[in-house]
Amino acid sequence: IFFRKNMADIQLKPVPAVGLHVRRVDPSRHKFQMSVSRDGIVIYIPNLPFLLNNFRRFLHQMHNRWRTALWPFPPSAALAAMICFGGWVLSQPSESWLRSGFVAQWVWNVDSIFPWVHSLPTSLRVLYLSILTSVSVLLIFVEIQRLTLRLLLMYQQWLFEKKPSIFTRLWFLTINRCYVRASRPLLYSYQDGLPRLPVPPLKPTIDKTLASLKPILAEKDFAELESKAAGFLSNEGPSLQRYLILKSWISKNYVSDWWLRFVYLRGRGSLLIHSNYHANTDFWPYKVVSENQIGRAASMIYHLFRVKQMVDRQAIEPLRINDTIPMCMQQYQYFFSCTRIPGHDTDRLQQYDTRDSAHIVILFRGVWYRMDVHGADRKLLQAHEIQAQLRSIVENPEQLEKPQEGQVAALTTENRSTWAETRETQFYRGQNRASLDVIERAVFAVHLDENSPQTVSEQGSLLLHGDGTNRWCDKSFTLVVFKNGRTGLNAEHSWGDAPVLCHMMELCACHEHRALESGAQKFDADGYVQVPDARPVFHLKPVQRLRWSITPELAAVIDQAVIQARANIDDLQLEIKVFEDVNKGLMKKCKCAPDAFVQMGIQLAFYRMEQRFVLTYEPAMMRLFCEGRTETIRSCSEDSCKWVKAMQDPSASQTQKLDLLRKATDMHQLRTKHAMAGQGIDRHLFALYVVSRGKDVNSPFLEHVLGMKWTLSTSQVPWRQARKEDYEGCQRNNIRTTSGGFGPVDPDGYGCCYTFMDDDYLNLHISSRRACPRTDSVKMMEAVTQAFADMAELALAPEERG
């Protein structure tokens, strides 16, 4: 059943020794290709079955594009309308207004553009012109519909109403009836109907900035900042604002492209820990579905590809708030088959087409393998067939020729300019170029990790950084499967944000649990995926080992990268805790918004440890706008500081403390809503700063504000984003995760990430740097735990405290 062929003989042919611009033939891509070498030109033509498959895929893609272009009208209704209109025009006499009026004369003028149709019968010319007219009218009507939706979605007052007004209810009803229930939308159907991100007024942004910094800065420093703010408003500010407004008119989102380019792709630091983040796909109080590494890896790979099929077919419905307000889904296209390519000054995101990216890469004991997950008929392999491929790797492990061959991935943890230079000098031809191309074009990477984490903190640390040599940080995500069957992801950050990753994890978990609970997939006593009696394993394409040519110069660069990566790893301290007694249910009893409750707990814990207030970052979702990503919620405010000081004041009564807590959480929720509505602070300031740099305008105020460090970087990752229909056939409570986390943004601060698991659990990840004598993740977790206990004691009646 399993491959026992010596995979040392299975190699990718090296690329011709010419520049990076030269194309080469890869028969696995099954499309017309041409390669150029010193020996001549090779033209590759795939066989007929693959051409037919490609043609069917092309038709399916065109159908989806047609559905997206016509939405909210179903294509069948549009086609029927065009045919009916054409028949109606044909049935009219030639002297009728439809065939000889003013509009008809204009349409006949269009006919003159195509002289070759003049030889056709008049009836055929009338038919094609009537269909062309109906298509044009339909597209105009569709565009009017989308413009109407865009105008409707510009209404943001619903965010701020505790009880919806009559106008808001009518507004919800209009969107629901006309744009939700009218036709089932595809993944990207709402994209052209989402509003553009508005540019906030300048003075309110400056006022909010000053208000957020007043409790943090000393009086002298704050007075100096106020002076700079006044100078900004009277001098360069209005001019920069006008340029920003102009950009908002000609782009879908005035900040998102700059945010990607300058915050992510121009960052030159290491991606490991500093940018990449991790996600646990398991929930630690629960047992995993299989403790066999190979069986679990095969199951996860198979169901991830099931999710990929949904993305390719746009079968995932767009997320909607209250099942009505659509959200931007642009980031989903980058989840699979995406790689960050290093550059000297700026990186770039490379998205590969499905035809060019249909394989995955496996890392086991330092050796990389290419594995095709589709059979000769181009159908997705079943889980037991993928398992056979994986067993052929694990049961016949290859040996490394040089130690550095198993450490090539450490190059992706290097400084981005250093990695770009190494890529150009050491990976531009031969085996290195061929192997690198296979990894970069892979749908995703898989690491069969031989560690068996015994605690959730250990698993989180391994997922976030591994040993510094086994995380290909440039891939959109890497699936990590441990020896004990636990799994997780390491994700690159520039392509998208954590909520998208968690939604895809949730869909994958739904597929896996549905298959297990329905009996469609089973694990045997040893944890392997059972082979159905009717589906034996045969005719599988062998996996291919990727080989590297390690020159002395490359070996030296790899050794240096490994040293720096492991120093970075040794400096990280990550602590993870799953709270059972502190959860969303408790926070609702306290009459506090859950997110605000956690943020106040972090503020109180940090103040108790360091006796100071600092800038605190929390991202707000901006996907109510086209191409929106995040906005900053400044969690440290005057209200939060007053409450924290009251908690430390023995003379303050319980009632005073409780009133200040609820006021602080209410104000935090208000700031969150302002950020979601496009009225935040930091993205506006960032865009103004980009304009000032582009116009070579010196702005002391912007440089001062944007130069301040985010000592506390926090984030809430949502769960339960999947629809109820996605949970059909599986137990909802079995599908949970311990979520994920990231490294500290400020080396002298903390990174805090948390997720609510329904009303039952709170997962909290806290990271810090060991090199900083002031920070300690373990002590910070203890302080947060005590802060939560004190807040519950404050807010609950004696009989509710238990």
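Higher on the page you've got the structure.
Residues numbered from 1 in each chain as written. Predicted model: local features only at pLDDT ≥ 70, side-chain atom pairs only at ≥ 80, totals over all residues. Heavy atoms only, no water.

Engineer: Explanation requested: the overall build of the protein chain in the structure shown.
Structural biologist: Within the protein chain one finds 24 helices and 20 strands. Over its C-alpha atoms the protein chain spans a radius of gyration of 29 Å, differing by no more than 12% from the 28 Å that the globule rule assigns to 802 residues. Along the longest, intermediate and shortest principal axes, the C-alpha atoms of the protein chain span 95 × 75 × 60 Å. Among the 802 residues that make up the protein chain, the fraction classed as buried is 56%. Taking as baseline every contact in the protein chain between residues at least 6 positions apart, the subset at least 24 positions apart corresponds to 77%. (Helix = DSSP H or I, 4+ residues; strand = E, 2+ residues; numbered from the N terminus. Rg over C-alpha atoms; globule rule 2.2 N^0.38 Å. Buried < 20%, exposed > 50% of the residue type's maximum accessible area, 1.4 Å probe, protein only. Contact = heavy atoms within 4.5 Å.)

Engineer: Sorry, what's going on with the packing of aromatic side chains here?
Structural biologist: One pass over the full model with this rule turns up 26 aromatic pairs. With 5.1 Å between their ring centres and 85° between their planes, W259 and F686 make a pair best called edge-to-face. Taken together, the residues span a long stretch of sequence, with W259 in helix α10 (residues 256-265) and F686 in helix α22 (residues 682-694) at a distance of 427 residues. Judged by relative accessible area, W259 falls into the buried class, the value being 14%. Aromatic side chains F305 and F444 sit 5.6 Å apart centroid to centroid with 45° between the ring planes, which places their arrangement in the tilted category. Of this pair, F305 sits in helix α11 (residues 293-312) while F444 sits in the loop between α14 (430-441) and β10 (445-448), placing them 139 residues apart in sequence. For the pair F305 and F444, a shared accessibility class is recorded, and that class is buried. Three or more aromatic residues joined by ring pairs form one cluster here, namely F305, F335, F336, F444, F477 and W495. Taking the ring centre of Y727 as reference, the NZ or CZ of R732 above it sits at 5.1 Å. (Phe/Tyr/Trp six-rings, centres within 6.5 Å; stacked < 30°, edge-to-face > 60°. Lys NZ or Arg CZ within 6 Å of the ring centre and 35° of its normal.)

Engineer: Explanation requested: the pattern of salt bridges in the structure shown.
Structural biologist: Pairing is possible between side chains that carry opposite charge, provided their charged atoms lie close to one another. Using the criterion set out here, one finds 42 salt bridges in the structure. Taking the shortest distance from any N to any O, the salt bridge between D474 and R416 comes out at 2.9 Å. Of this pair, D474 sits in the loop between α15 (456-465) and β11 (477-481) while R416 sits in helix α13 (residues 416-426), and the two are 58 residues apart along the sequence. The same class applies to D474 as to R416, namely buried. One salt bridge in this structure joins R634 and D682, with 2.6 Å as the shortest N-O distance. One end of the pair, R634, is in strand β16 (residues 630-634); the other, D682, is in helix α22, and 48 residues separate them in sequence. Neither R634 nor D682 differs from the other in exposure class; each is buried. Each member of the salt-bridge network shares a partner with another, and the members are R184, E317, R320, D323, R723, E725 and D726. (Salt bridge = Lys/Arg side-chain N within 4 Å of Asp/Glu carboxyl O.)

Engineer: For this particular structure, what's the right way to read the sheet that holds strand β20 (residues 761-769)?
Structural biologist: Remark on secondary structure: sheet strands pair via backbone hydrogen bonds, oriented parallel or antiparallel. Strands sit in the order β14-β20-β19-β17-β15-β16 across an open sheet of six strands; the sheet is mixed. Each edge of the sheet is formed by a strand with only one pairing partner; in this case those strands are β14 (572-579) and β16. Across the sheet, the mean angle separating the axes of adjacent strands is 20° when strand polarity is ignored. Sheet topology note: the strand β15 (residues 616-621)/strand β17 (residues 712-716) ladder contains two bridges and is parallel. Bridge pairing links Y617 to S713 in β17. Sheet strands touched by helix α19 (residues 594-610): β15, β17, β19 (750-757) and β20. Its angle to β19, the strand with the most contacts, is close to 150°. (Pairing = 2+ DSSP bridges. Axes fitted to C-alpha atoms, helices over the stretch in contact; angles between N-to-C directions.)

Engineer: Just checking my understanding: could you explain a nonpolar patch on the surface for this structure?
Structural biologist: A cluster of nonpolar side chains, contributed by F55, F58, L59 and M62, occupies part of the molecular surface with about 380 Å² of accessible area. Within the element layout of this structure, L59 appears in helix α1 (residues 48-70). Among the residues examined, L59 registers a relative accessible area of 42% and is labelled partly exposed. (Patch = residues over 30% accessible without salt bridge, like charges linked within 9 Å, V, L, I, M, F, W, Y side chains within 5 Å. Areas by Shrake-Rupley, 256 points an atom, 1.4 Å probe, with all protein chains shown as cover.)

Engineer: Please clarify how the packing of α11 against helix α12 (residues 383-394) should be interpreted in this entry.
Structural biologist: Axis angle and axis distance: for two packed helices, these are the angle between their axes and the distance between the axes, and together they describe the pair. Look at α11 against α12: their axes get within 8 Å of each other, and the N-to-C directions meet at 130°. One way to sum up the angle between α11 and α12 is to call them oblique. Classified by chirality, the crossing of α12 by α11 is right-handed. Mapping the contact onto sequence places I294, G295, A297, A298, I301 and Y302 in α11 and A383, I386, Q387, L390, R391 and V394 in α12. Here the residues of the contact of α11 with α12 sort into nine nonpolar, two polar and one charged. (Parallel < 35°, antiparallel > 145°, perpendicular 65-115°, else oblique. Left-handed = near helix turned anticlockwise from the far one by under 90°. Nonpolar A, V, L, I, M, F, W, Y, C, P; charged D, E, K, R; others polar.)

Engineer: Got a minute to help me understand helix α9 (residues 236-250) in this structure?
Structural biologist: Residues three or four positions apart in an α-helix share a direction because the helix packs 3.6 residues into each turn. Look at α9: 22 Å from first C-alpha to last across 15 residues, which is about the 21 Å you get at 1.5 Å a residue. On its buried face, α9 is in contact with α7 (202-213), α8 (219-234), α10, α22 and α23 (700-706). (Expected span 1.5 Å × (residues − 1).)

Engineer: Would you take a moment to explain unusual backbone geometry for this structure?
Structural biologist: What is expected of a backbone is that most residues other than glycine have negative phi and most peptide bonds are trans. Backbone geometry places N322, a non-glycine residue, at a positive phi of 55°. The phi angle at E627 is positive, at roughly 60°, despite the residue not being glycine. With respect to the helices and strands, E627 occurs in the loop between β15 and β16. Residue classification places E627 among the partly exposed positions, given a relative accessible area of 21%.

Engineer: I tried to follow the nonpolar core on my own but got confused; where do I start?
Structural biologist: Generally speaking, soluble globular proteins have nonpolar side chains that are buried together. Counting residues in hydrophobic clusters, the biggest one holds 131 residues, and the most contacted among them are I301, I360, F444 and L501. For this core, the element with the most residues is α11, which contributes 11 residues. Look past the residues within four positions of F444 in its chain and what remains in contact with it is I301, L304, F305, F336, H359, I360, V361, K475 and F477. (Core = buried A, V, L, I, M, F, W, Y, C linked by side-chain atoms within 4.5 Å.)

Engineer: Looking at this model, I keep getting lost on the packing of α19 against helix α21 (residues 654-676). Mind explaining?
Structural biologist: Running from N to C, α19 and α21 cross one another at 115°; their axes reach a closest spacing of 9 Å. Crossing of α19 over α21 shows right-handed handedness. Residues D595, A596, F597, Q599 and M600 of α19 form the contact with α21, whose participating residues are L661, A664, T665, H668 and Q669. Of the residues assigned to the contact of α19 with α21, the class counts are five nonpolar, four polar and one charged.

Engineer: Quick question: what am I supposed to make of empty space enclosed by the protein here?
Structural biologist: Left-over empty space is what a probe sized like a water molecule reveals as it rolls over the atoms. According to the stated counting rule, one finds six cavities of 30 Å³ or more in the structure shown. Space inside the largest cavity adds up to approximately 60 Å³. Lining the largest cavity, in full, are L197, N253, V255, S256, W259, M622, E627, G628, R629, T630 and R683. (1 Å grid on protein atoms, 1.4 Å probe; cavity = no way out; pocket = protein on both sides within 12 Å on 5 of 7 lines; lining within 4 Å. Points joined across faces, edges and corners; volume = space filled by probe spheres on them.)

Engineer: How do you make sense of the sheet that holds strand β8 (residues 359-364) when you look at a structure like this?
Structural biologist: Reading across from one edge, β13-β9-β8-β10-β11-β12-β3-β18 is the order of the eight strands in this open sheet, with mixed pairing throughout. Pairing within the sheet leaves two strands with one partner each, and these edge strands are β13 (544-545) and β18 (739-741). The sheet strands contacting α11 are β8, β10, β11 and β12 (487-491), and the helix crosses β11 at an angle near 150°. α12 rests against β8, β9 (367-372) and β10 of the sheet, and its axis sits at about 155° to β9.

Engineer: Would you explain the layout of surface pockets in this entry?
Structural biologist: Considering only enclosed or pocket space, the second largest pocket measures out at about 1600 Å³ in volume. Forming the walls of the second largest pocket are 49 residues, and the residues nearest its centre are R57, K308, D312, R313 and T354. Within the residue set of the lining of the second largest pocket, elements represented by two or more residues are α1 and α11. Tallying contributions element by element places α1 first for the lining of the second largest pocket, with eight residues. A breakdown of the residues in the lining of the second largest pocket according to their chemical character gives 16 nonpolar, 18 polar and 15 charged.

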